[in-house]
Amino acid sequence: MLNKLQYISQGRTVEEQVKNIHQALDNGCTWVQIRFKNHFSDDAFALAEAAKILCEEYLANFIINDNVYLAQQIAADGVHLGLTDMSIKEARSILGDTKIIGATANTFEDIQNHVQNGCDYIGLGPFKFTTTKEKLSPILGLDGYHNIMAKIQENGLTTPVYAIGGITLDDVEPLMQTGIYGIAVSALITHSTNQKKIIKQLKNDLHGSIIV
């Protein structure tokens with residue numbers, strides 16, 4: 001069963017990334033996706049190696065954004081593929097059947113294609129404008145999620161869908177009411193002054209019950 005809360009790493013350097021990942025894990029996150037764009041392979045490998053050790057220590061899932069070969073090399077738990085990245089089928093042939101493969105979607109048609117190609121979860125977004133990611137797809141908003149999730153239900157698709165993109169604490173409950181499975185957040189946790197409190201609140205809202 002997949003975690004309902006995904007933390008996507010932030011930081012301009014390996015050191016910043018590792019610090020942010022460690023803090024998120026220490027305050028209750030159990031799923032980390034490292035996103036480290038436009039950096040040399042040596043830095044990406046060093047970050048992946050450090051993040052994997054931390055995730056193993058905290059018994060957390062460890063996913064790498066985009067880089068299938070790095071995920072294979074470091075023996076990560078899986079990979080998350082963007083709309084213009086390697087195909088799911090090719091990634092599956094490299095990583096094998098036991099690894100988690102997530103895929104980005106912006107439309108219902110994206111989701112249909114990803115599900116047919118065997119992805120394990122969908123990252124649907126962006127919900128709002130976000131500075132975390134460059135080259136944003138069209139913003140969906142709450143209406144967009146309602147429309148797409150209704151089509152998913154009508155077509156009997158059951159692959160878990162995560163909302164992503166500029167999500168705040170107040171957005172979680174209305175988003176969950178659309179039928180999504182969970183959320184993926186970055187800045188909300190990274191820039192929080194009380195990560196333990198906000199992660200606990202997110203988990204409560206995502207599970208619809210009080211987690212002590």
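Below, the structure is looked at part by part. (Residues numbered from 1 in each chain as written. Predicted model: local features only at pLDDT ≥ 70, side-chain atom pairs only at ≥ 80, totals over all residues. Heavy atoms only, no water.)

So, about helix H5 (residues 108-116). Residues of H5 that are buried: Phe108, Asp110, Ile111 and His114. Looking down the long axis of H5, one finds its buried residues gathered within 150° of arc, a one-sided arrangement. Taken together, the buried residues of H5 touch helix H4 (88-95), strand S5 (100-105), strand S6 (121-124) and helix H6 (141-154). Gly118 lies just past H5 and shows a positive phi near 95°. (Buried < 20%, exposed > 50% of the residue type's maximum accessible area, 1.4 Å probe, protein only. Helix = DSSP H or I, 4+ residues; strand = E, 2+ residues; numbered from the N terminus. Arc of directions from axis to C-beta. Contact = heavy atoms within 4.5 Å.)

Turning next to the packing of aromatic side chains. With the rule as written, the count across this model stands at five aromatic pairs. Relative to Tyr181, the ring of Tyr162 has its centre 5.6 Å away and its plane inclined at 70°; by these criteria the two rings are edge-to-face. Of this pair, Tyr162 sits in strand S7 (residues 161-164) while Tyr181 sits in the loop between helix H7 (172-176) and strand S8 (182-185), and the two are 19 residues apart along the sequence. With respect to class, Tyr162 is no different from Tyr181; both count as buried. Taken together, the ring pairs connect Trp31, Tyr121, Tyr162 and Tyr181 into an aromatic cluster. Above the plane of the ring of Tyr181 lies Lys4, whose end atom (NZ or CZ) is 4.3 Å from the centre. (Phe/Tyr/Trp six-rings, centres within 6.5 Å; stacked < 30°, edge-to-face > 60°. Lys NZ or Arg CZ within 6 Å of the ring centre and 35° of its normal.)

With that out of the way, let us pick up the pairing of strand S2 (residues 31-34). Of the two faces of S2, the one holding Trp31 and Gln33 and the one holding Val32 and Ile34 are both buried throughout. Here strand S1 (residues 5-8) runs beside S2; their pairing, made up of two bridges, is parallel. What sits directly across from Ile8, in S2, is Gln33. Where the polypeptide runs from S1 across helix H1 (residues 14-26) and back to S2, its parallel neighbour, the crossover connection is right-handed. Bridging between S2 and strand S3 (residues 61-65) involves four bridges; their strand directions are parallel. Counterpart to Gln33 in the pairing with S3 is Ile63. Where the polypeptide runs from S2 across helix H2 (residues 41-57) and back to S3, its parallel neighbour, the crossover connection is right-handed. (Pairing = 2+ DSSP bridges. Right-handed = clockwise from strand over helix to strand, strands pointing away.)

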